[in-house]
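Descriptive structure summary
Listed below, chain by chain, are the residues.
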Amino acid sequence: ATYMAASQHGRESVIFHGEERAERVKQRWTRLGLKDADPYVIPLRAAEDALTSIRDINAMKDGKGIGMAIIDSIQTITLGGKRKYDAQYEAAEMIIGQVASAGGCSVFVSHVDKAGTTHQGAAALAHLVDIHIHLTANAKKSERMLEIRKNRGGRAGFQVALNIQINGLSVGIPAPLNPGSGLGQARTLLEKARDLAYAML
């Protein structure tokens, strides 16, 4: 998410932090060598405050507005003083609409349970987002695997090895999540059919 926020050339990036202190968020930018990036770092409490900040930034940036808003994490946000799942869903929907009105996109961080398989928060959030990325880490092997579990605009159901180092980020070769099921091949055929349909149109 940090690298994504740093890539918004000519647009503003905002990190709403509910899990970490602002100093820790800013230290990450320095550690990753992203010195030229200068995102807004705003405490995340109430969705109403986040929406006000988004409107204010969009209004003062000559129409360019926010390119990326990162909410870390959705579990920490409240709406109308409530932190129930339906309030989280409504808050996410409102933030997405506000950021999208200026042509930007939103990234919601959601932590997982202790088993590392199910994300916390409203299950309906998975239906709200366009792309669902699941990151798992193996501390013993210093490995990270990035899984694309849903993608409205293209391929899903695959994973890539993710290597984050001080001097940059590298991504491995995509592999299907269930290589023996034949779903990867079926998905590839669907993608080819979709591309052909676009070309014909």
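Everything that follows concerns the structure shown earlier in this document.
The structure contained in this document is the topic of the report that follows. (Residues numbered from 1 in each chain as written. Predicted model: local features only at pLDDT ≥ 70, side-chain atom pairs only at ≥ 80, totals over all residues. Heavy atoms only, no water.)

**Overview of the pairing of strand E4 (residues 105–109)**
This is how the line gets drawn: A strand pair is defined by DSSP finding two or more bridges across the two strands. Only DSSP runs of H or I with at least four residues qualify as helices, and only runs of E with at least two residues qualify as strands; both kinds are numbered from the N terminus onward. Seen with the strands pointing away from the viewer, any crossover whose path from the first strand over the helix to the second strand runs clockwise is right-handed.
Pairing of strand E3 (residues 66–72) with E4 involves five bridges; the strand directions are parallel. When the bridges of E4 are listed, Ala69 appears paired with Ser106. Once the chain exits E3 it traverses helix H4 (residues 85–100) before rejoining the sheet at E4, and the crossover so formed is right-handed.

**Section: the nonpolar core**
Note the following rule: Nine residue types can take part in a nonpolar core, namely buried Ala, Val, Leu, Ile, Met, Phe, Trp, Tyr and Cys, and a core is a set of them joined through side-chain atoms within 4.5 Å. Burial classification: accessible surface area is computed with a 1.4 Å probe over protein chains only, and a residue below 20% of its type maximum counts as buried, one above 50% as exposed, and the rest as partly exposed. Note on contacts: a residue pair qualifies if any of its non-hydrogen atoms lie within 4.5 Å across the two residues.
Ranked by internal contacts, the top residues of the largest apolar core, which has 22 residues, are Phe16, Ile66, Ile77 and Ile95. Every element with two or more residues in this core is listed here: strand E1 (12–17), helix H3 (47–59), E3, H4 and helix H5 (125–128). Ignoring any residue separated from it by four or fewer positions in sequence, one finds Phe16 in contact with Ile42, Pro43, Leu44, Ala50, Ser53, Ile54, Ile70, Ile71 and Asp72. The next biggest cluster of nonpolar side chains, apart from the first, holds nine residues, and it includes Val25, Trp29, Leu32 and Leu34.

**A few points about a nonpolar patch on the surface**
To keep things clear, this is the line we draw: Patches were defined on residues exceeding 30% relative accessible area and lacking a salt bridge, with like-charge contacts within 9 Å and nonpolar side-chain contacts (Val, Leu, Ile, Met, Phe, Trp, Tyr) within 5 Å. Using a 1.4 Å probe, the Shrake-Rupley method yields the accessible areas, and only the shown protein chains count as cover for residues. Should a side-chain nitrogen of Lys or Arg be within 4 Å of a carboxyl oxygen of Asp or Glu, the pair is scored as a salt bridge.
On the surface, Ile164, Leu169 and Val171 cluster together to form a nonpolar patch covering roughly 240 Å² of accessible area. As for its placement among the helices and strands, Val171 is situated in strand E8 (residues 168–171).

**Details of the sheet that holds E1**
In any sheet, the strands associate via hydrogen bonds between backbone groups, in a parallel or an antiparallel arrangement. How we decide: For helices, the axis comes from a line fit to the C-alpha atoms of the stretch in contact; other axes are also lines fit to C-alpha atoms, and the angle between any two N-to-C directions lies between 0 and 180 degrees.
Read across the open sheet, the four strands follow the order E2-E1-E3-E4; overall the sheet is parallel. With partners counted over all chains shown, the strands left at the sheet margins are strand E2 (40–43) and E4, one partner each. For this sheet, the mean inter-axis angle between neighbouring strands, taken without regard to orientation, is 15 degrees. Docked against the sheet, helix H2 (residues 22–31) engages E1 and E2, running at close to 135 degrees with respect to E1.

**Focus: the environment of Met68**
Here Met68 is to be found in strand E3. Residue Met68 is classed as buried on the basis of its relative accessible area of 3%. With residues near it in sequence (within four places) discarded, Met68 still touches Met4, Ala5, Gln8, Glu12, Ser13, Val14, Cys105 and Val107.

Fair warning: the whole summary comes from geometry, so function is off the table for now.
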